[in-house]
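Here is how the chains run, residue by residue.
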Amino acid sequence: MSAITRDEVAHLARLSRMALSDDELDHYATQLDAIIEAVAKVAEVAAEDVPPSSHALPLTNVFRADEVRQSLTPEQALAGAPAVEDDRFRVPRILGEEA
Amino acid sequence: MTVMAFDEALGRFEPVLGLETHVELGTASKMFCGCKTTFGAAPNTQVCPTCLAFPGALPVANEAAIESTIRIGLALNCSIAEWCRFARKNYFYPDMPKNYQISQYDEPLCFDGYLDVEVDGETVRVEIERVHLEEDTGKSTHVGGATGRIQGADYSIVDYNRAGIPLVEIVTKPIPGTDRMAPEVAKAYATELREIMRALGVSDVRMEEGSMRCDVNVSLMPRGSSEWGTRTETKNVNSLRSVERAVRSEIERQAHILAEGGKIIQETRHFHEDTGTTTPGRSKEEAQDYRYFPEPDLVPIAPDAAWVARLKAELPELPLVKRKRLQAEWGVSDLDMQAMHNADAIDLVEATVAAGAPAADARKWWMGELARRANESATTLADLPITPADIARVTELVASGSLNDKLARQVLEGVLAGEGTPDAVVAARGLEIVNDEGELSAIIDEVLAGNADVADKIRSGKIAAVGALVGGVMKASRGKADAGRARQLILEKLGVSE
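Worth saying up front: this structure is predicted, and the values here are computed from it rather than measured. (Residues numbered from 1 in each chain as written. Chains lettered and ligands numbered in written order. Predicted model: local features only at pLDDT ≥ 70, side-chain atom pairs only at ≥ 80, totals over all residues.)

Focus: the overall build of chain B
Line of reasoning, step 1. In terms of helices and strands, chain B carries 16 helices and 15 strands.
Line of reasoning, step 2. Counting the 498 residues in chain B, one finds 40% classified as buried.
Line of reasoning, step 3. The contacts in chain B between residues at least 6 apart in sequence include a share of 68% that link residues at least 24 apart. (Helix = DSSP H or I, 4+ residues; strand = E, 2+ residues; numbered from the N terminus. Buried ≥ 20, exposed ≤ 12 C-beta atoms within 10 Å, placed from the backbone. Contact = placed C-beta atoms within 7 Å.)

Now the structure itself:
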């Protein structure tokens, strides 16, 4: 029984900007199913008295004071950029022609 | 674009408003790193591994930004969450280098509040859905294409100085029942919100620089219906006046479509300052799925009750309350108060009164001569190069008889022209009223000698003719004589009594 449908995989693929073939959609639906099943085992261990957590440490209110620290130079910031123009990161066209 | 006239549209449909306002906080450093937040800095000079999303860099929340957000929530009568988290909003625009924006999703820091605004003397309560904290995005410039807009561009270049600046989003609940006041209510809400931010000192709220941005949601329902229509969300609304115009324009546009039997598409629209109309942006039909999840790099926020109580106790007097108090203290009408409010003159008048001027005089100068000059030079009262203390000094000089209104205007002109303080201008331009009786007497003698015929008329009983001689004295003294005293002296010299 597959809980994840092909349509859901197609939706995820689109959100992730991945082009998947029909075969791949089926393939990943099965794999994702197995992954979700495995992760769901955690729920079996979690008793009523264990609240869901989003962080490994039981901490709250970790703040920093509003103090300015040294930034990078533009040269440093842009050093690893594939393309640069006018001290800015140059990126490919954002919206396709159809937009 | 065909539209339906506003009055007709309102006759057939009832508008429902919603407003989403983004306010950039005026913290010294960014939300999750120590980079500066200065507006207009050279590109990519205020960036670091954290706000550029270099591998391994981790965010730490700015306490001042959290505190400012709670203060905004309290000022908007919100409940403050006892515990809440940041959330990741995943998307693929390059305006955030992380591929996601740290925001808040189903656990906003502040929720369920309200803001009372006044429109034409009526109080309208705008319910606040939520106030949450997120980070601003970088600034993209789109290159190529005809319009400079994202559509049709060949590529884009991105400056990440703004990426990571703390941004507060304030969302209203749907606002029904505003009827034909809808545009004014929207503007009044944005105005009041801006003033609250100023009173709290949390942001410079400059709409033209984007530190306050308003998205305007409008939907229409046919009169008699209670089912809300499909809404549009208008962005790029960069002034308070535009908020009002955008609402009006959307009402007129939607009414036309609905009346023709058409359907409103749920979409984002862009407002254009030049035409006062909106054009479609991205359609929201393809559901936006941001795959929100709790931000694993940050721990939850649990504002301590004592902290919140202290922040609440320390809130400044809020603008509406303050306006009511000042109106009572100054004894001005609703209309005059509204005029001062519209002209952004209230703080200036208040400061002028605090510097020692009577309220009526302070109001007279700011709303009269100075408003005229601000208007002439297309600037605001606050940006005129003159201080409330200067105005207070001028009113003092008038009250003591050293200046009359005409001379006072010349003093103001001098101060505005950068000639120094009022006293310096008086000294440099020699503007003081002639209080020296001897000097005044000499001027009068001169004028009488030159106008013997008029003097004779007055002697023979035509007292009204004295006006011409007073005028002569004022002219001879270049406006510096005290006209009332001059009149007395002239009549005395001619041996005439009234």
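After that view of the structure, there is still more to cover.
Considering the overall build of chain A
Line of reasoning, step 1. Check the secondary structure of chain A and you find three helices and three strands.
Line of reasoning, step 2. Ordered by position from the N terminus, the helices and strands of chain A form the series α-α-β-α-β-β.
Line of reasoning, step 3. Split into buried and exposed, the 99 residues of chain A put 8% on the buried side.

Some thoughts on the sheet that holds strand β4 (residues 87-90) of chain B
Residues and elements named next belong to chain B.
Line of reasoning, step 1. Reading across from one edge, β5-β4-β15 is the order of the three strands in this open sheet, with antiparallel pairing throughout. Each edge of the open sheet is held by one strand with a lone partner, namely β5 (100-103) and β15 (293-294).
Line of reasoning, step 2. Bridge analysis of β4 against β5 gives four bridges, and the strand direction is antiparallel. Residue pairing in the sheet places Arg 88 in a bridge with Ile 102 of β5. (Pairing = 2+ DSSP bridges.)

Examining unusual backbone geometry
Residues and elements named next belong to chain B.
Line of reasoning, step 1. One non-glycine residue, Asp 112, lies in positive phi territory at about 55 degrees.
Line of reasoning, step 2. Among the secondary structure elements, Asp 112 is positioned in strand β6 (residues 110-119).
Line of reasoning, step 3. Here Asp 112 falls in the partly exposed class, since 16 other C-beta atoms lie within 10 Å of it.

Thoughts on the environment of Arg 130 of chain B
All names here are of chain B.
Line of reasoning, step 1. Here Arg 130 is to be found in strand β7 (residues 122-135).
Line of reasoning, step 2. Each C-alpha atom of the pair Arg 130 and Gly 40 lies 30 Å from the other, and the pair is 90 residues apart in sequence.
Line of reasoning, step 3. Contact partners of Arg 130, with chain neighbours within four places excluded, come to Pro 108, Cys 110, Phe 111 and Val 171.

Some thoughts on the interface of chain B and chain A
Line of reasoning, step 1. Contacts between the two partners involve 42 residues from chain B and, on the opposite side, 33 residues from chain A.
Line of reasoning, step 2. Elements that contribute at least two residues to the side of chain B that touches chain A include exactly β2 (61-62), α2 (63-75) and β9 (155-159) of chain B.
Line of reasoning, step 3. When residues of the side of chain B that touches chain A are assigned to their parent elements, the largest contribution, five residues, is made by β9 of chain B.
Line of reasoning, step 4. By residue class, the composition of the side of chain B that touches chain A is 25 nonpolar, nine polar and eight charged. (Nonpolar A, V, L, I, M, F, W, Y, C, P; charged D, E, K, R; others polar.)

Some remarks on the domain arrangement of chain B
Line of reasoning, step 1. Along its sequence, chain B is organised into domain 1 (6-311), domain 2 (317-429) and domain 3 (437-493).
Line of reasoning, step 2. A straight line from the C-alpha centre of domain 2 of chain B to that of domain 3 of chain B covers 33 Å. (Domains from an automatic or database assignment.)

Structural notes on the pairing of β6 of chain B
Residue and element names in this part refer to chain B.
Line of reasoning, step 1. Where strand β3 (residues 79-80) and β6 come together, two bridges link them in antiparallel fashion. Residue Ser 79 lies in a different strand from β6, and its bridge partner there is Phe 111.
Line of reasoning, step 2. Two successive antiparallel strands, β6 and β7, enclose a turn made up of two residues, where Asp 120 displays a positive phi of approximately 50 degrees.

Looking at the nonpolar core
Here is a general trend for soluble globular proteins: nonpolar side chains tend to be buried in one another's company.
Residue and element names in this part refer to chain B.
Line of reasoning, step 1. In this structure, Leu 109, Val 131, Ala 186, Tyr 189, Val 216 and Val 247 are the most contacted members of the largest nonpolar core, which totals 79 residues.
Line of reasoning, step 2. Here this core gets nine residues from one element, more than from any other, and that element is helix α3 (residues 182-200).
Line of reasoning, step 3. Sequence-distant contacts of Val 216, defined by excluding residues within four places in its chain, comprise Leu 19, Ala 186, Thr 234, Val 237, Val 243, Ala 246 and Val 247.
Line of reasoning, step 4. Core analysis: the second largest hydrophobic core is formed by 44 residues, Ala 357, Leu 370, Ala 374 and Leu 489 among them. (Core = buried A, V, L, I, M, F, W, Y, C linked by C-beta atoms within 7 Å.)

Some remarks on helix α6 (residues 319-330) of chain B
Line of reasoning, step 1. Taking 1.5 Å per residue, twelve residues should reach 16 Å; α6 of chain B reaches 16 Å between its end C-alpha atoms and fits that length.
Line of reasoning, step 2. Downstream of α6 of chain B by a residue or two, Gly 331 of chain B has a phi angle that is positive, lying close to 60 degrees. (Expected span 1.5 Å × (residues − 1).)

Here we look at the sheet that holds strand β2 (residues 84-85) of chain A
Line of reasoning, step 1. Taken together, four strands build an open sheet; the order of strands is β2(A)-β3(A)-β9(B)-β8(B) and the sheet is antiparallel. At either margin of the open sheet sits one strand with a lone partner, and together these are β2 of chain A together with β8 (139-143) of chain B.
Line of reasoning, step 2. Of the strand pairs in this sheet, strand β3 (residues 88-92) of chain A and β9 of chain B are connected by four bridges, and their pairing is antiparallel. For Pro 92 of chain A, the partnering residue across the bridge sits in β9 of chain B and is Tyr 155 of chain B.

Side note on the environment of Leu 200 of chain B
Line of reasoning, step 1. Mapped onto the fold, Leu 200 of chain B is located in helix α3.
Line of reasoning, step 2. C-alpha of Leu 200 of chain B to C-alpha of Pro 388 of chain B: the two residues are 188 residues apart in sequence and 21 Å apart in space.

Examining the pairing of β3 of chain A
Residues in a regular strand project their side chains so that they alternate between the two faces of the sheet.
Line of reasoning, step 1. Relative to β3 of chain A, β2 of chain A runs antiparallel, the two sharing two bridges. For Glu 85 of chain A, the partnering residue across the bridge sits in β3 of chain A and is Arg 88 of chain A.

Things to note about the packing of helix α8 (residues 346-354) of chain B against helix α10 (residues 388-399) of chain B
Residue and element names in this part refer to chain B.
Line of reasoning, step 1. At a minimum axis distance of 8 Å, the contact between α8 and α10 shows a crossing angle of 55 degrees. By the angle between their directions, the pair α8 and α10 is classed as oblique. At the point where α8 passes α10, the crossing takes the right-handed sense. Residue-level inspection shows Leu 348, Ala 351 and Thr 352 of α8 in contact with α10, the latter providing Pro 388, Ile 391 and Ala 392.
Line of reasoning, step 2. A per-class count over the contact of α8 with α10 returns five nonpolar, one polar and no charged. (Axes fitted to C-alpha atoms, helices over the stretch in contact; angles between N-to-C directions. Parallel < 35°, antiparallel > 145°, perpendicular 65-115°, else oblique. Left-handed = near helix turned anticlockwise from the far one by under 90°.)

Observations regarding the packing of helix α15 (residues 466-476) of chain B against helix α16 (residues 483-493) of chain B
Residues and elements named next belong to chain B.
Line of reasoning, step 1. Relative to each other, α15 and α16 sit at 120 degrees, their axes nearing to 9 Å. In terms of orientation, α15 lies oblique with respect to α16. When you trace α15 past α16, the crossing you get is right-handed. Between α15, through Val 466, Leu 469, Val 470, Val 473 and Met 474, and α16, the contact on the second element is made entirely by Ala 483, Ala 486, Arg 487, Ile 490 and Leu 491.
Line of reasoning, step 2. Along the lines of polarity and charge, the residues of the contact of α15 with α16 split into nine nonpolar, no polar and one charged.

So, the confidence of the model for chain A
Line of reasoning, step 1. Across chain A, pLDDT averages 86, with 94% of residues at or above 70.
Line of reasoning, step 2. When mean pLDDT is compared element by element in chain A, strand β1 (residues 63-64) of chain A scores highest at 97, while helix α1 (residues 6-15) of chain A scores lowest at 86. (pLDDT = per-residue confidence, 0-100.)

Digging into the environment of Asp 456 of chain B
Line of reasoning, step 1. Tracing the backbone shows Asp 456 of chain B in helix α14 (residues 452-459).
Line of reasoning, step 2. Separated by 38 residues in the primary sequence, Asp 456 of chain B and Leu 494 of chain B have C-alpha atoms spaced 8.7 Å apart.

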